[in-house]
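These are the residues of each chain, in order.
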Amino acid sequence: MSILGLKKKQPKTFKVKVITMDAEMEFSCEVKWKGKDLFDLVCRTIGLRETWFFGLRYTLKDTYAWLKPEKRVLDQDVPKEFPITFHFLAKFFPEKVEEELVQEITQHLFFLQVKKQILDEEIFCSPEASVLLASYAVQAKYGDYDPNFHKPGFLAQDELLPKRVLMQYQMTPDMWEEKITAWYAEHRGIPRDEAEMDYLKIAQDLEMYGVSYFSITQNKKDTELLLGVDAQGLHIYNPNSKLNPNKSFPWSGIRNISYSEKEFTIKPLDKKKEVFKFYSSQLRVNKLILQLCIGNHDLFMRRRKVDSIEVQQMKAQAKEEKARKKMERQILAREKQMREEAERAKEEMERRLFQIQDEARLANEALIRSEETADLLAEKAQIAEEEAKLLAHKAAEAEQERQRLEVTALKTKEEKRLMEQKMREAELLAVKLVEESERRSKEADHLKQDLNEAKDAERRAKQKLLDITKTTYPLIAAYSSPPLPLPADGGGLNLETGSIRIDFKDTDMKRLSMEIERERLEYMEKSKHLQDQLKELKSEIESLKLEEQQAGIFSHRGETRACPEPAYLPQSTVGHYDSEVIYI
């Protein structure tokens, strides 16, 4: 058996990776599939029916190209790496997004693509418009603004503004977030699809929206220009300005567009106008320009015709879907409002319940305090009643004491009056005694004077007697007779010598001395009797003072009875022995 050879078995399928604006998908494609087969599979997978806006784009060297629907996938200039990567993007843009974009998925894909182009600065946007667009993007992503949930810093991880805008002003991320949040708070109640549509309605008015730019020259030697292709027509720009075209060719004014190798020819509908020619250096780019011109022109003509049955059905379904969603949103809004009202009512009831509980607790505490106060007051009342009884008893005792003191006071007054009378009598007696003492003193002085005179006379007599004795002593010694004794009474001396007899007895002096002694004894007895009376009066006064100190204040009407002023007894001289001052 001979082997003629083995052919390498060719695979029947190949892998494809499709990247949309919000997802990545992988498909297993048959080798014989055309570009339209893969495109339809992607559209069915994501549920897209407005397929005429989109295409599958792939990167080829330094440029990009769109997958052709009528040619097999593997026969085109796609990358030979598996899986082959395609980007599912909008190839053509509508003139008015609100009228042409029917499906919500179509609106969402356009929103994501335009948003990325603005952030990547493929579409120029002013700072003010960027902030406004960012607020709609935040509304589409986060829903209604809730200050309790959307705290400062919640946008820190989101890319919302172009870097050019961020670098243009010296503002911190927090300041940009504050500006965006201020607009975002005003979009309350706008659902996601409407927020995305509002974003697109603002973006479609930007000068670079939906424009594809290509480098061209008006002739082979001229300076480079830019060709812009969009839904309105063809535009010619300076290389440094993509905002304001130098020349425009609307689709309605173009009769024909053709190219031969690198030369493009734009023939106006008006034959009087000049034909415009430009050159492009790459054949691949020329084919791309031609594809975009044909596609945009077809859509331009299609918009000005009656919608197809498919589009009408889609619009009707979309309208019904919007009405249904609007009704659902209204129902949800009412339910949300009712739920919020119920929550507010619940919170109010809980607050009221807490308030009532607090009031009940306070009332209970007040009741307990009132009960404690009542018990305390009852105890105080009992104590007050006992004190009242005690005070009544003391009042009765005080009344009795008052009556007793009044009686005592009356007695004391009477005793005081008698005492004062006795004091007056004692004072009179003391005055009399003083006078008598003075009189007696004077008499005693006279008697002392008489006594002194008598003593002087006695002394002179004795001296005389001594003198006589001295003169007669020698005679007595001569007779040697013993001396005669003196009389026992000492009254005198008798000397008898023969016929001479001398008598020294003085009866007057003896009588005077006896009288003086008698007067002195009599005065001493009277003075002793007066001192006894004064001592008795002093003891009575002291006892009266003690009783008054014990009695205190006698009068119960607020009167104060003080002790009497001390009576003064003048100084009395009793003989030459005693002198005393007595205070009462």
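For clarity, every value in this text was computed on a predicted model and none was experimentally measured.

1. Concerning the pattern of salt bridges
Counted according to the given criterion, the structure contains 27 salt bridges. Among the salt bridges present, the one from E196 reaches R192, with a minimum N-O distance of 3.0 Å. Highlighted residues: E196 and R192, both in helix α7 (residues 192–203), separated by four residues, approximately one helical turn. Here R361 makes a salt bridge to E365, at a shortest N to O gap of 3.2 Å.

2. Side note on the UniProt feature "binding site: a 1,2-diacyl-sn-glycero-3-phospho-(1D-myo-inositol)" (unreviewed entry) in the chain
Feature annotation in UniProt assigns "binding site: a 1,2-diacyl-sn-glycero-3-phospho-(1D-myo-inositol)" (unreviewed entry) to the following positions: K68, P69, E70, K71 and K287. Here K71 lies in the loop between β4 (63–66) and β5 (84–90). Filtering out sequence-adjacent residues up to four positions away, K71 remains in contact with K34, G35 and Q76.

3. Structural notes on the nonpolar core
Core analysis: the biggest nonpolar cluster contains 82 residues, and F54, F86, F88, V114, I118 and L234 have the highest contact counts within it. With seven residues, the top contributor of residues to this core is helix α8 (residues 283–303). Not counting the four nearest positions on each side in its chain, L234 is found in contact with L227, G228, V229, K247, S248, F249, W251, I254, I257, I266 and C293. Listed in part, the 11 residues of the second largest apolar core include V131, A134, L155 and L161.

4. Notes on the environment of L451
Within the element layout of this structure, L451 appears in helix α9 (residues 309–479). Counting along the chain gives 62 residues from L451 to S513, while the straight-line C-alpha distance between them is 7.6 Å.

5. Comments concerning the sheet that holds strand β3 (residues 54–60)
As summarised here, the arrangement of the five strands in space is β2-β1-β5-β3-β4, forming an open sheet in which the pairing is mixed. Every other strand in the sheet has two partners, leaving β2 (24–30) and β4 as the edge strands with one partner each. Pairs of neighbouring strands in the sheet enclose a mean axial angle of 35°, with direction left out of account. The strands touched by helix α3 (residues 104–119) are β3 and β5; relative to β5, the strand with the most contacts, the crossing angle is about 105°.

6. Here we look at the pairing of strand β7 (residues 224–229)
Of all six residues making up β7, five are buried, and the element is well covered by its neighbours. Where strand β6 (residues 212–217) and β7 come together, six bridges link them in antiparallel fashion. Residue pairing for β7: S215 is matched across the bridge by L226. Sheet analysis places β7 next to strand β8 (residues 233–237), joined by four bridges and oriented antiparallel. Residue pairing for β8: L226 is matched across the bridge by Y237. Linking two consecutive strands that pair antiparallel, namely β7 and β8, is a turn of three residues.

7. So, the confidence of the model for the chain
The predicted model of the chain has a mean per-residue pLDDT of 80, with 85% of residues at 70 or higher. Taken as a whole, residues 1–7 scores under 50 in pLDDT and shows zero contacts with residues more than four places along the chain or in a different chain. Segment residues 553–584: pLDDT under 50, and 57 contacts once partners within four positions in sequence are set aside and those in other chains are kept.

8. A closer look at α8
The end-to-end C-alpha distance of α8 is 30 Å, a good match for the 30 Å that 21 residues give at a rise of 1.5 Å each. V285, N286, L288, I289, L292, C293, G295, N296, L299 and F300 are the residues of α8 that are buried.

9. Details of a negative patch on the surface
Residues E371, E372, D375 and E379 make up a contiguous surface patch of negative charge. Among the residues examined, E372 registers a relative accessible area of 51% and is labelled exposed.

10. As for the pairing of β4
Two strands pair when backbone bridges link them, and β3 and β4 are joined in this way by four bridges, in the antiparallel orientation. Among the inter-strand pairings, T59 is bridged to a residue of β4, identified as Y64. From the end of β3 to the start of β4, which pair antiparallel, there are two residues, and K61 there has a positive phi angle of about 55°.

11. What about helix α4 (residues 127–142)?
Spanning 16 residues, α4 covers 22 Å between terminal C-alpha atoms, matching the ideal 22 Å at 1.5 Å per step. Most of α4 is tucked away: 12 of the 16 residues are buried. Where α4 terminates, the next one or two residues include G143, which has phi positive at roughly 80°.

12. Some points on the packing of aromatic side chains
Applying the stated criterion across every chain, the model contains 20 aromatic pairs. Ring plane angle 35° and centroid distance 6.4 Å describe the contact between F154 and Y184, whose orientation is recorded as tilted. Taken together, the residues span a long stretch of sequence, with F154 in the loop between α4 and α5 (163–168) and Y184 in helix α6 (residues 173–184) at a distance of 30 residues. When its relative accessible area of 1% is taken as the criterion, Y184 is described as buried. Here the aromatic rings of Y259 and F264 are separated by 5.1 Å at their centres, their planes lie at 20°, and the arrangement is stacked. F264 sits in the buried class, given a relative accessible area of 0%. Ring pairs connect the aromatic residues F39, W52, F53, F54, F88, F93, F110 and Y209, which therefore count as one cluster. The ring of Y64 has R57 lying over it, and the distance from NZ or CZ to the ring centre is 4.5 Å. The aromatic ring of W52 is capped on one face by R302, whose charged end is 4.1 Å from the ring centroid.

13. As for a positive patch on the surface
Side chains of K61, K71, R284 and K287 sit close together on the surface and give a patch of like positive charge. Among the residues examined, K71 registers a relative accessible area of 37% and is labelled partly exposed.

Conventions and cut-offs
Residues numbered from 1 in each chain as written. Predicted model: local features only at pLDDT ≥ 70, side-chain atom pairs only at ≥ 80, totals over all residues. Heavy atoms only, no water. Salt bridge = Lys/Arg side-chain N within 4 Å of Asp/Glu carboxyl O. Helix = DSSP H or I, 4+ residues; strand = E, 2+ residues; numbered from the N terminus. UniProt positions renumbered as here; feature names shortened; annotations may be inferred. Contact = heavy atoms within 4.5 Å. Core = buried A, V, L, I, M, F, W, Y, C linked by side-chain atoms within 4.5 Å. Buried < 20%, exposed > 50% of the residue type's maximum accessible area, 1.4 Å probe, protein only. Pairing = 2+ DSSP bridges. Axes fitted to C-alpha atoms, helices over the stretch in contact; angles between N-to-C directions. pLDDT = per-residue confidence, 0-100. Expected span 1.5 Å × (residues − 1). Patch = residues over 30% accessible without salt bridge, like charges linked within 9 Å, V, L, I, M, F, W, Y side chains within 5 Å. Areas by Shrake-Rupley, 256 points an atom, 1.4 Å probe, with all protein chains shown as cover. Lys, Arg positive; Asp, Glu negative; His and termini not counted. Charge placed at Lys NZ, Arg CZ, Asp CG, Glu CD. Phe/Tyr/Trp six-rings, centres within 6.5 Å; stacked < 30°, edge-to-face > 60°. Lys NZ or Arg CZ within 6 Å of the ring centre and 35° of its normal.

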